[in-house]
Amino acid sequence: MQYDLVIRNGTVVDGSGVARYRADVGVRHGRIATIGRIRDKGRQEIDAEGHIVTPGFIDGHTHMDAQVMWDPLGTCSCWHGVTSVVMGNCGFTLAPARAGERHLVVRNLERAEDISADAMAEGITWSWETFPEYLDTLDRLPKGINYAANVGHSALRTWAMGERAFAEQATEDDLLMMERELRDAMRAGAIGFTTSRTTNHETSDDRPVASRLADWKEVERLVSVLGDLGGGMFEIAQESASRSTDPAVRNEFYGRMTDLAVRTGIPFTFGVLSTTRDGSDWQGQLGMIDDAAAAGARMYGQAHCREFSVLLSWKTRLPFDVLPAWKEVRSLPLEEQAKAFRDPALRAKLVEAAHHGDYGRAIGAEARRPDYRWIRIMDSPVPPNPTVAQRAGELGKDPVELMIDLALDSDFEQFFVQAIANRDPEHLEAIMRHPRTMVTFSDSGAHVSQIMDSSLQTHLLAHWVRDRQAFTLEQAVEMITNRLATAWGFADRGLVREGFVADLNVIDPQRIGPAMPTVAWDLPGGARRLVQKSNGIKATVVAGEVLIADGEHTGALPGRLLRGQVATR
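Presented here is a report on the structure given in the accompanying data block. Quick caveat: nothing in here was measured; it's all calculated off a predicted structure.

If you look at soluble globular proteins, the nonpolar side chains tend to sit buried side by side. Core analysis: the biggest nonpolar cluster contains 117 residues, and Tyr134, Leu138 and Met432 have the highest contact counts within it. Examining the composition of this core, we find that 7 residues originate from one element, helix 6 (residues 216-229), more than from any other. Formed by 30 residues, the second largest nonpolar core is a distinct cluster that contains Val310, Trp326, Ile375 and Ile404.

Regarding helix 3 (residues 131-140), the residues found buried are Phe131, Tyr134, Leu135, Thr137 and Leu138. Along the axis of helix 3, the buried positions cluster into a sector of 155 degrees, meaning they face one direction only. On its buried side, helix 3 packs onto strand 7 (82-87), strand 8 (146-152) and helix 5 (172-188).

One can find Ser211 in the loop between strand 9 (192-196) and helix 6. Classification of Ser211 by relative accessible area gives buried; the value is 0%. Here the side chain of Ser211 touches Ser196 through a polar contact of 2.7 Å, landing on its backbone oxygen. Those residues in contact with Ser211, other than ones at most four positions away along the chain, are His153, Ser154, Arg157, Thr195 and Ser196.

It is worth spelling out the sheet that holds strand 15 (residues 415-421) at this point. Read from one edge of the open sheet, 3 strands run 13-15-14, paired in antiparallel fashion. The strands lining the two open edges of the sheet, one partner per strand, are strand 13 (308-313) and strand 14 (375-377). Pairs of neighbouring strands in the sheet enclose a mean axial angle of 30 degrees, with direction left out of account. Looking at chain direction, strand 14 and strand 15 are connected through 3 bridges and run antiparallel. Bridging from a neighbouring strand, Ile375 pairs with Gln418 of strand 15.

Attention now moves to the pairing of strand 17 (residues 504-507). Residues of strand 17 alternate between two faces, with Leu504 and Val506 on one and Asn505 and Ile507 on the opposite face, all of them buried. Relative to strand 17, strand 5 (residues 52-55) runs antiparallel, the two being bridged by 4 bridges. Directly across from Thr54, in strand 17, lies its bridge partner Asn505. Bridge count between strand 17 and strand 22 (residues 537-542): 4 bridges; the pairing is antiparallel. Residue pairing across strands places Val506 opposite Ala539, the latter belonging to strand 22.

Before going further, it helps to examine the side chain of Gln450. As for its position among the elements, Gln450 is in the loop between strand 16 (437-439) and helix 15 (456-467). Classification of Gln450 by relative accessible area gives buried; the value is 3%. With residues up to four places along the chain from it excluded, the contact list for Gln450 reads Asp114, Val310, Leu311, Arg317, Ala365, Glu366 and Leu530.

Looking now at helix 5. Taking 1.5 Å per residue, 17 residues should reach 24 Å; helix 5 reaches 24 Å between its end C-alpha atoms and fits that length. By the burial criterion, the buried members of helix 5 are Asp174, Leu175, Met178, Glu179, Glu181, Leu182, Ala185, Met186 and Ala188. Looking at the buried side of helix 5, the elements it contacts are helix 3, strand 8, helix 4 (153-161), strand 9 and helix 6. Two residues or fewer past helix 5, Gly189 is found with a positive phi of approximately 125 degrees.

This part covers the environment of His463. Take His463: it is sitting in helix 15. Its relative accessible area of 11% is what places His463 among the buried residues. On a C-alpha basis, the gap between His463 and Thr62 in space is 22 Å, while along the polypeptide they are 401 residues apart. When neighbours within four sequence positions are excluded, His463 is seen to be in contact with Pro383 and Arg468.

Next up on the list: the sheet that holds strand 12 (residues 299-303). Across the sheet, which stays open at both edges, the 8 strands sit in the order 6-7-8-9-10-11-12-16 with parallel pairing between neighbours. Where the open sheet ends on each side, the last strands, each with one partner, are strand 6 (57-59) and strand 16. Shown here is a sheet whose adjacent strand axes are inclined to one another by a mean of 25 degrees, direction ignored. In this sheet, strand 11 (residues 268-272) lies alongside strand 10 (residues 233-237) in parallel orientation, the contact comprising 2 bridges. Bridge assignment links Phe234 to a residue of strand 11, and that residue is Phe268.

Here is what the cut-offs are and how they apply
- Residues numbered from 1 in each chain as written.
- Predicted model: local features only at pLDDT ≥ 70, side-chain atom pairs only at ≥ 80, totals over all residues.
- Heavy atoms only, no water.
- Core = buried A, V, L, I, M, F, W, Y, C linked by side-chain atoms within 4.5 Å.
- Buried < 20%, exposed > 50% of the residue type's maximum accessible area, 1.4 Å probe, protein only.
- Helix = DSSP H or I, 4+ residues; strand = E, 2+ residues; numbered from the N terminus.
- Arc of directions from axis to C-beta.
- Contact = heavy atoms within 4.5 Å.
- Polar contact = N/O pair within 3.5 Å; in protein donor to acceptor, adjacent residues only side chain to side chain.
- Pairing = 2+ DSSP bridges.
- Axes fitted to C-alpha atoms, helices over the stretch in contact; angles between N-to-C directions.
- Expected span 1.5 Å × (residues − 1).

Put into structure tokens, the structure is as follows:
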């Protein structure tokens, strides 16, 4: 047999959770043809001696809807072994959008997801109005990795209601229009329907995003469309009731969610974070997932694998940037900022403001009022990293003074990590270990100057597998491959199996991990974003073609649009 690609001498961790084994992997016509001892030559060969061969990693929570329009490669996800992503989460999508109302979907994305409106204006060539037309556009685009697209509730509302979507309840006519477009989208290949009900999502003019104006009956009507069609995933950015300290409020919300999941038969998914020290919120959400399963419904929790954090730097954003005393200085070029921070009188004024200023209310992934016990100095891309409070105490320095000194000493290259949630590693490990959670939730494509979680997969393998030895490699790979493929119905991905699509990684388990982040000004129009590559991935293969070799793009663009199950029936 002639093979297009042979990966030789590797050890296969196949994504199922079973023990690893040594085997060659042969690929023909984009699919895995043979696993075992292969004597025939391949047109291309990879020597995987000392390496692990895994399925390509899957990320179920991204916002790459805009980025895919200008970035064929799919960075930064592709640099961390991700070969398939699900985008359009939290109700935010670029379709449907009428030609005269495209600014409305941009409004939903701009602040809530930190996607530059200028970059979208520069980088998107609008060639669609309806969601099926949008999918056809995606199909035609060159792609390095695979994309599946959700339909967003906020976009559906603005499609049906225009400006009223940000201020009013939907009428019956509005609901019927939303239902029709959602039905058409699912039949055309959308992977699911998503919404946001969290107060963390606001527009750039400080209003709730459109989906937050919907009552629960509207959500029920739209999820029921998926139930009637018999396919698709429902994803929700949960409402504050899930974090309430009042058990009655939490239980009412959990009851609504479970009833809808049972009634429609549609799988549900949402993020599970530990946001309180007693852990009541995440435990209750895991309990809801188990109760739903006992009642015959499917729910999947989306677990992070590290502190849920904002990445801070002088080149991007700091908590202090909202303070009047800091704004003038921070608007200067970095060389001028350096002079300002070395001026003793001005520096004292800025330190005083940092300790006593009004930080207002942060939403989403915006930097918060600083608690220096939970701002880490990023000396390494994986833990442990000391907190500002710890280092300041050791040196006898004020914490703000320390941050300024570290920035100046590094020529403003120093990063800091502000932990918002998942502060207790035992809580986080418990969430990750739950049999109905999966490690995802990167938000890739969004929060581009605020966070850098496209590296979740390599962080999992470096920190939790190699360093902490809390999970075996087999367990961790299953959590980022087959578990997600099963949840979203990617029937021929997520496993190293004969007949499956040859989305594969060849990794060095002793070296794999994220590299240090950097700041790039490579978005359309020169807008900035955080960028992070990885170490220890010898090759990433998509549909049998090597996409990334030793961290470099090969020039191949083998990715495709993954249409949903309803479209293939």
